[in-house]
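Per-entry structural report
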Amino acid sequence: MKMTYQPKTRQRSKEHGFMKRMKTRSGRAVLKARRNKGRKKLTA
């Protein structure tokens, strides 16, 4: 039996990446909130 998490770099960026966040209004809000909090890394 495989472990649950089978990481794929490309799929991860497509689903949780910067470009995906920038596409929607709520995604941009997420980035804004993370910037305000002072996150070093904004997205996956």
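So, here's what we can say about the structure. (Residues numbered from 1 in each chain as written. Predicted model: local features only at pLDDT ≥ 70, side-chain atom pairs only at ≥ 80, totals over all residues. Heavy atoms only, no water.)

For the rest of this paragraph, the subject is the overall build of the protein. Each helix and strand counted, the protein has 3 helices and 0 strands in total. Starting at the N terminus and walking to the C terminus, you meet the elements of the protein as α-α-α. The C-alpha extent of the protein, read off along each of the three principal axes, is 40 × 20 × 15 Å. Burial analysis of the protein (44 residues in total) assigns 11% to the buried set. As displayed, the protein has an accessible area near 4500 Å², and 54% of this comes from carbon and sulfur atoms. (Helix = DSSP H or I, 4+ residues; strand = E, 2+ residues; numbered from the N terminus. Buried < 20%, exposed > 50% of the residue type's maximum accessible area, 1.4 Å probe, protein only. Areas by Shrake-Rupley, 256 points an atom, 1.4 Å probe, with all protein chains shown as cover.)

Between the first and last C-alpha of helix H3 (residues 25-37) there are 18 Å, a value that for 13 residues agrees with the 18 Å anticipated at 1.5 Å per step. Within two residues after H3, glycine 38 carries a phi angle of roughly 90°, on the positive side. (Expected span 1.5 Å × (residues − 1).)

Glancing now at a nonpolar patch on the surface. On the surface, Phe18, Met19 and Met22 cluster together into a nonpolar patch covering about 300 Å² of accessible area. Position of phenylalanine 18 relative to the elements: it lies in helix H2 (residues 18-23). The exposure class of phenylalanine 18 is partly exposed, given its relative accessible area of 35%. (Patch = residues over 30% accessible without salt bridge, like charges linked within 9 Å, V, L, I, M, F, W, Y side chains within 5 Å. Salt bridge = Lys/Arg side-chain N within 4 Å of Asp/Glu carboxyl O.)

On to a positive patch on the surface, then. Together, Arg10, Lys14, Lys20 and Lys23 make up a positively charged patch on the protein surface. Among the elements of the structure, helix H1 (9-16) and H2 are those that each provide at least two residues to the positive patch. Tracing the backbone through its elements, the reader meets lysine 23 in helix H2. (Lys, Arg positive; Asp, Glu negative; His and termini not counted. Charge placed at Lys NZ, Arg CZ, Asp CG, Glu CD.)

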